[in-house]
Amino acid sequence: MENCLYCKNKEKLDSLMIYIADLKVCKLYLFKEQTYYGRCVIAYKDHNVDFTELNAEESAAFISDMQTVGRAIMKSVNPAKVNYGMFSDTLPHLHVHIVPKQKDGYGFGGTFEMNVNPPKYLSDAEYKEIIDKIKSNL
Ligand SMILES: [Zn+2]
């Protein structure tokens, strides 16, 4: 837990993401790198829980949070598809990358890239605009 991005490393978290809202059992963040416009992350409320360890009730709440964000992103940026990525090889904190894909956008038809090079960052006004949109659609 010492170096966990979501629990203990606010500085690193703030460099990568912007907090949007608390959901049922997750916190929602906008990913600062916005090659996939509207890309978000949800992180589970507790540290060191694997997806397979959630009981039926926790699992339903977790999936519901994922759907809530997926629907909000669909309404906010009207993508062709939303991708959901759970990796966590080296970060033992349950989280999901929720990544909208446009048909004529970057990497459509393939696996989304975690770290696109060069990265695409927005202005503060543009971050506020997309965050407000997603928030209003939650
Ligand atoms: Zn953690």
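Keep in mind that this is a model prediction, so the values were computed, not measured. (Residues numbered from 1 in each chain as written. Predicted model: local features only at pLDDT ≥ 70, side-chain atom pairs only at ≥ 80, totals over all residues. Heavy atoms only, no water.)

Trainee: I tried to follow the coordination of the zinc ion on my own but got confused; where do I start?
Mentor: A four-donor tetrahedral metal ideally has 109.5 degree angles, and a six-donor octahedral metal ideally has angles of 90 or 180 degrees. Those protein atoms acting as donors to the zinc ion are Cys4 (SG), Cys7 (SG), His47 (ND1) and His93 (ND1), and they sit at 2.0 to 2.3 Å. Angles of 104 to 118° at the metal separate the 4 donor atoms of the zinc ion, which places the site in the tetrahedral class. Each donor residue of the zinc ion belongs to the same chain, with the gaps between them written as C-x2-C-x39-H-x45-H. A residue pair is termed long-range when its members are at least 10 positions apart, and Cys4 in the segment before α1 (10-16) and His93 in the loop between β4 (81-85) and β5 (95-101) qualify at 89 residues. The class for His93 is buried, based on a relative accessible area of 2%. (Donors = N, O, S within 2.8 Å, 3.2 Å for Na, K, Ca; no water. Tetrahedral: all angles 85-135°; square planar, octahedral: opposite > 155°, others 65-115°. Helix = DSSP H or I, 4+ residues; strand = E, 2+ residues; numbered from the N terminus. Buried < 20%, exposed > 50% of the residue type's maximum accessible area, 1.4 Å probe, protein only.)

Trainee: Help me out: how do you make sense of the packing of aromatic side chains in this one?
Mentor: The description of an aromatic ring pair uses the distance of the two centres, along with the angle that the planes make with each other. Going through the model one piece at a time under the given rule, you end up with 7 aromatic pairs. An aromatic cluster is defined as three or more aromatic residues linked by ring pairs; in this entry it consists of Tyr36, Phe87, Tyr106 and Phe112. Geometry around Phe31 places Arg39 over its ring, the cationic atom sitting 3.9 Å from the centre. (Phe/Tyr/Trp six-rings, centres within 6.5 Å; stacked < 30°, edge-to-face > 60°. Lys NZ or Arg CZ within 6 Å of the ring centre and 35° of its normal.)

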